[in-house]
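Coordinates in review
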Amino acid sequence: ESKRSGAHGWRAYHPEMTDRRSRDVALAESIGEALRSDQFDVHYQPIIDLASGTPIGVEALVRWQHPTLGMVSPAEFVPVAERTGAIDGLGRHVLEVACRQVAAWRRGAPRAAGLYASVNVSPLQMRDGTFPATVRAALERSGLPPQALVMEITESAVVDERTVVPTLIALREQGIRVAVDDFGTGYSSLHLLGRLPVDILKIDRSFVSVLDGTSRSAGIAEAIIRLAGVLELSTVAEGIETPAQSAELQLLGCTAGQGYLLARPQTADRLTATWGARLPREAH
Ligand code: C2E
Ligand code: MG
Ligand code: MG
Ligand code: MG
């Protein structure tokens, strides 16, 4: 069965498509209410110094416990929020919560004193001229120093160079660092990257998961790490799932990473217990 076959026969009709669309509509309609009634939660995945195992930062990852649909993945609802404009409020909420949480950890636990917060930012937020002021306000309210904040942007955001670069410059002038997320999967040219005001490249999980100890499998990860070296950027590897991957990344010169092997994304309370549990031993 086809809704629009013929000249534009590619628009085949599938029942799943209707389901998906009505689910999207349902999500779009409930995001505003979800923000008002506090259904969004922020989980944190530690970013680890690979050689010592010490946590150096935490990535804030938004979670949505929908009243009827259950847990919905950000990979699904973030694009919906971008389409409806709700990403502005959602992004501000995650930023506020993450800054407050990491500031509290830094104050309360010696083991967490040097942690930074790494917060995902939508390209739409980056294009808003008031974004640097929004970030400054969140830092001031929370007491988190700008040096302890990293903004993660995707390559698709930086492709829109003219509107994004002034924002990046304004953020970095405040002392905030910028990371390019999922690096290697987007469309940014090397030409653009060389002039981009950023600090960190996050090596996409797809280049980490293929690492199997052969030089062939390491090609892209190695190239990204070398490129970062030339441009004087640091690297964080994403999606480390095996000790062999961690070892290989270190051999290639990548010093930091995150992944299920090291720590899963988890609630603030669970992480508080992690930092706290080691406190007495370190304090005495
Ligand atoms: P991302 O920023 O690249 O985040 C990494 C994703 O990989 C997270 O998925 C994380 O849970 C997952 N991950 C971490 N370690 C491993 C591993 O070892 N193996 C595998 N298979 N996966 C791992 P998550 O939390 O579902 O988030 C998906 C994406 O949604 C994020 O990708 C990010 O692009 C977006 N996102 C999440 N929170 C926010 C937010 O607050 N704002 C915006 N704009 N986007 C967000
Ligand atoms: Mg990210
Ligand atoms: Mg990523
Ligand atoms: Mg990713």
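First, a word on scope: everything that follows refers to the structure included in this document. Worth saying up front: this structure is predicted, and the values here are computed from it rather than measured. Along each chain, residue indices are assigned from 1 in the same order as the chain's sequence is written. Written order decides the labels, with chains lettered from A and ligands numbered from 1. The predicted nature of this model means local features are confined to residues of pLDDT at least 70 and side-chain atom pairs, given and counted, to a pLDDT of 80 or more, with totals for whole chains, interfaces and linings taken over all residues. Side-chain figures throughout are based on the complete set of non-hydrogen atoms in the structure, without hydrogens or water.

**Notes on the site of ligand 1**
- Arg63, Asn120, Asp181, Glu241 and Tyr260 are the nearest of the 22 residues found near ligand 1.
- Nitrogen and oxygen atoms within 3.5 Å of one another constitute a polar contact, given that in protein one can donate a hydrogen and the other can accept it, and given that sequence-neighbouring residues count only through two side-chain atoms. Between an oxygen atom of ligand 1 and a side-chain N or O atom of Glu238, the distance comes to 3.1 Å.
- For ligand 1, whose accessible area on its own is 810 Å², the fraction buried by protein is 82%.
- By definition, any uninterrupted DSSP run of H or I lasting at least four residues is a helix, any uninterrupted run of E lasting at least two residues is a strand, and each is numbered from the N terminus. Looking at the shell around ligand 1, the element that brings in the most residues is strand β2 (residues 55-66), giving four residues.
- Residues that form the shell around ligand 1 fall into these classes: nine nonpolar, five polar and eight charged. When at least one non-hydrogen atom of a residue lies within 4 Å of a molecule or strand, that residue is treated as near it. Areas reported here follow the Shrake-Rupley algorithm with a probe of radius 1.4 Å; residue values treat only the protein chains shown as occluding. Ten residue types, Ala, Val, Leu, Ile, Met, Phe, Trp, Tyr, Cys and Pro, are classed as nonpolar, four, Asp, Glu, Lys and Arg, as charged, and the remainder, Gly among them, as polar.

**Digging into empty space enclosed by the protein**
- Buried and open spaces are told apart on a 1 Å grid over the protein atoms alone, a cavity being a set of points where a 1.4 Å probe fits but cannot get out and a pocket being an open set with protein on both sides within 12 Å along at least five of seven lines. Residues with an atom within 4 Å of a point are the lining residues. Grid points are joined across faces, edges and corners, and a volume is the space filled by probe spheres set on the points. This model, assessed by the stated rule, comprises one cavity of 30 Å³ or more.
- Quantified by volume, the largest cavity comes out at close to 40 Å³.
- Forming the boundary of the largest cavity are Gly91, Arg92, Leu95, Val119, Asn120, Val121, Gln125, Phe131, Thr134 and Met151.
- Elements that contribute at least two residues to the lining of the largest cavity include exactly α3 (87-108), β4 (116-120) and α5 (131-142).
- Looking at the lining of the largest cavity element by element, the count peaks at three residues for α3.
- Of the residues belonging to the lining of the largest cavity, the class tally is five nonpolar, four polar and one charged.

**Overview of the coordination of the magnesium ion (ligand 3)**
- Note that water is not among the atoms considered, so a metal site may appear incomplete; the donors listed are N, O and S atoms within 2.8 Å of the metal, with 3.2 Å applied to Na, K and Ca. Taken together, Asp181 (OD), Asp182 (OD), Glu238 (OE) and Glu238 (OE) make up the protein donors of the magnesium ion (ligand 3), found 1.9 to 2.7 Å from the metal.
- Sequence spacing of the donor residues for the magnesium ion (ligand 3), all on one chain, is D-D-x55-E.
- The two metals, the magnesium ion (ligand 3) and the magnesium ion (ligand 2), are separated by 3.8 Å and share Asp181 as a common coordinating residue.
- Throughout this description, buried means an accessible area under 20% of the type-specific maximum (1.4 Å probe, protein chains only), exposed means over 50%, and partly exposed covers the range between. According to the relative accessible area criterion, Asp181 is buried, its value standing at 7%.

**Structural notes on the nonpolar core**
- Here the nonpolar core consists of buried residues drawn from Ala, Val, Leu, Ile, Met, Phe, Trp, Tyr and Cys, with membership extended through side-chain atoms lying within 4.5 Å. Grouped together as the largest cluster of nonpolar side chains are 80 residues, with contacts concentrated most on Tyr44, Trp105, Val135, Leu144, Leu149, Met151 and Leu249.
- The element contributing the most residues to this core is α3, with nine residues.
- Once residues lying within four places of it in the same chain are set aside, the contact partners of Trp105 are Tyr44, Val58, Ala112, Leu115, Ala268, Leu271, Thr272 and Trp275. Residue contacts are counted whenever heavy atoms from the two residues lie within 4.5 Å of one another.

**Examining the layout of surface pockets**
- Of the volumes computed, that of the largest pocket is approximately 970 Å³.
- Forming the boundary of the largest pocket are 37 residues, of which Glu59, Leu61, Pro74, Asn120 and Asp181 lie nearest the centre.
- Of all the secondary-structure elements, those providing two or more residues to the lining of the largest pocket are β2, β3 (70-72), α2 (74-84), α3, β4, α4 (123-126), β5 (149-154) and β6 (177-183).
- When the residues that make up the lining of the largest pocket are grouped by side-chain class, the tally is 16 nonpolar, 11 polar and 10 charged.

**Points about the pairing of strand β7 (residues 200-203)**
- Burial along β7 is two-sided: Ile200 and Lys202 facing one way and Leu201 and Ile203 facing the other are all buried.
- Looking down the strands as they point away from you, a crossover is right-handed if its path from the first strand over the helix to the second goes clockwise. Traced from β6 through helix α8 (residues 190-195) to β7, the parallel crossover comes out right-handed.

**Some details on unusual backbone geometry**
- Phi angles above zero are rare outside glycine, and Asp182 is one such case at about 50 degrees.
- Its location among the elements puts Asp182 in strand β6.
- If you check the backbone angles, Glu232 has positive phi at about 60 degrees while not being a glycine.
- For Glu232, the position within the fold is in the loop between α10 (219-230) and β8 (234-237).

**Examining the pairing of β6**
- The buried count for β6 comes to five of seven residues, which makes it a mostly enclosed element.
- Following DSSP output, two strands are said to pair if at least two bridges run between them. The sheet contact formed by β5 and β6 spans five bridges and is parallel. Each bridged residue has a counterpart across the sheet, and for Thr154 the counterpart in β6 is Asp181.
- Bridging between β6 and β7 involves three bridges; their strand directions are parallel. Note on β7: the bridge partner recorded for Val180 is Leu201.

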